[in-house]
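Remarks on the overall topology
Listed below, chain by chain, are the residues.
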Amino acid sequence: MNTTAPPSPPVRTERRGPALWIIIDREERRNAMNADVIEGIHAAMRSVLVDASLRAVVLTGAGRKAFCAGADLSRGTGVFADSLDEPTTDFGRLARTVRHAGLPIIGRINGDCVAGGMGLMALCDLVIAAENARFGLTEAKVGVFPMQVLVYLRRMIHPRHVNELCLTGDLIDASRAREVGIANGVVPFEQLDAHVDALVARLSTMSPVALKRGKQAIAAMESMAFSEAIAFAEAQIAITSRTDDAREGLAAFNEKRKPRWSREGDIS
């Protein structure tokens, strides 16, 4: 009789109040990414898209040493294309799904965030980092380059900082990461959960309709020239102001009470 316990999944999820926590659970491998990790995160994100009761997502790693130390180079990673016949990667498919998530995504950076870990971090809307965390793009040290991460980082931080990270492979500490625009906040590790929970609580007071439409607008305007973006924004504010949440928000303001946001509402 085989009594060996089945291996635990590399990604687990926890529901904590209005937030879904997605946790890379490979502490012994510094939460390195492989195809199973990417698929685990992807499956969790797909569940987010159909759960109207959620108000935020928290992406993090197990333990305190690493958020994600990059690709697990000991086996297939899912970060690189399997062949020249397949132009997309597992990570690219995950990034496309995350882009359509209407919920705020918080990166809880509990430790080192390196190489592919920077890609996961860059998928997040907001980032709270522990003081012990370090950040870096070390791909050139193994003969590749952080191509997919550049899609996000080149809009997130100044090109000079992107160049420094990509070309030198150096690690920077959490305080420097905040200075260059990677992290929104840096706190002692022991306070990390409290700060993340407080951020989730603040986000949960916002209109879910407004946040979803706002995230869609931010993504759409990234590739627009000014004239296109301002016209698009004018149309979007007209649409948003006619939603149920907009009417409720105005009524709550005038009646000096907390708004009662729709749980599902007009968030298409």
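Refer to the structure printed above.
We now turn to the structure provided with this report.

Those residues of helix α5 (residues 159-168) lying buried are Val162, Leu165 and Cys166. Buried residues along α5 cover an arc of 90° about the axis, so they all sit on one side. Across α5 from its buried face, at more than 90 degrees, point the exposed residues Arg160 and Leu167. Buried residues along α5 sit in contact with α3 (116-122), β8 (134-136), α4 (147-156) and β9 (171-173).

Under the definition given, this model contains 19 salt bridges. A salt bridge links arginine 12 to glutamate 14; its shortest N-O distance comes to 2.5 Å. Arginine 12 gets classed as partly exposed once you look at its relative accessible area, which sits at 30%. Across the salt bridge formed by glutamate 14 and arginine 16, the nearest N and O atoms sit 2.8 Å from each other. On the basis of relative accessibility, which here comes to 27%, the residue glutamate 14 falls in the partly exposed class. Residue arginine 16 is classed as partly exposed on the basis of its relative accessible area of 31%. A single network of salt bridges, built from pairs that share partners, joins Arg12, Glu14, Arg16 and Asp25.

Read across the sheet, four strands follow the order β4-β6-β8-β9 without closing on themselves; strand pairing throughout is mixed. Of all the strands in the sheet, the pair left with one neighbour each is β4 (66-68) and β9. Strand-to-strand twist in this sheet, taken as the mean axis angle between neighbours without regard to direction, amounts to 20°. Relative to β9, β8 runs antiparallel, the two being bridged by three bridges. Across the sheet, the residue bridging to phenylalanine 135 is isoleucine 172, located in β9.

For the rest of this paragraph, the subject is the side chain of glutamate 248. Of note, glutamate 248 is situated in helix α10 (residues 244-254). Within the local environment of glutamate 248, its side chain forms a polar contact with the side chain of arginine 257, the two groups lying 2.7 Å apart. Aside from chain neighbours lying at most four places away, what touches glutamate 248 is Arg257, Lys258, Pro259, Arg260 and Trp261.

Turning to the nonpolar core, a few remarks are in order. By size, the foremost hydrophobic cluster in this structure holds 48 residues, and its most contacted members are Ile41, Met118, Leu120, Phe135 and Ile182. Grouped together as the second largest cluster of nonpolar side chains are 16 residues, Ala56, Val58, Leu192 and Val200 included.

Looking now at unusual backbone geometry. For alanine 115, which is not a glycine, the phi torsion comes out positive at approximately 50°. When you line up the elements, alanine 115 lands in the loop between β6 (112-114) and α3.

Once that is clear, we can look at the packing of helix α8 (residues 208-221) against helix α9 (residues 226-240). Between α8 and α9, the shortest axis-to-axis distance is 11 Å and the interhelical angle comes to 170°. By the angle class used here, α8 and α9 are roughly antiparallel. Where α8 approaches α9, its residues Arg213, Ala217, Ala220 and Met221 are matched on the opposing element by Ala229, Phe232, Ala233, Gln236, Ile239 and Thr240. Each residue belonging to the contact of α8 with α9 can be placed in one class, and the counts come to seven nonpolar, two polar and one charged.

Residues Leu73, Val142 and Val144 make up a contiguous nonpolar surface patch of about 270 Å² in total accessible area. Secondary-structure assignment places valine 142 in the loop between β8 and α4.

Conventions and cut-offs
- Residues numbered from 1 in each chain as written.
- Predicted model: local features only at pLDDT ≥ 70, side-chain atom pairs only at ≥ 80, totals over all residues.
- Heavy atoms only, no water.
- Buried < 20%, exposed > 50% of the residue type's maximum accessible area, 1.4 Å probe, protein only.
- Helix = DSSP H or I, 4+ residues; strand = E, 2+ residues; numbered from the N terminus.
- Arc of directions from axis to C-beta.
- Contact = heavy atoms within 4.5 Å.
- Salt bridge = Lys/Arg side-chain N within 4 Å of Asp/Glu carboxyl O.
- Pairing = 2+ DSSP bridges.
- Axes fitted to C-alpha atoms, helices over the stretch in contact; angles between N-to-C directions.
- Polar contact = N/O pair within 3.5 Å; in protein donor to acceptor, adjacent residues only side chain to side chain.
- Core = buried A, V, L, I, M, F, W, Y, C linked by side-chain atoms within 4.5 Å.
- Parallel < 35°, antiparallel > 145°, perpendicular 65-115°, else oblique.
- Nonpolar A, V, L, I, M, F, W, Y, C, P; charged D, E, K, R; others polar.
- Patch = residues over 30% accessible without salt bridge, like charges linked within 9 Å, V, L, I, M, F, W, Y side chains within 5 Å.
- Areas by Shrake-Rupley, 256 points an atom, 1.4 Å probe, with all protein chains shown as cover.

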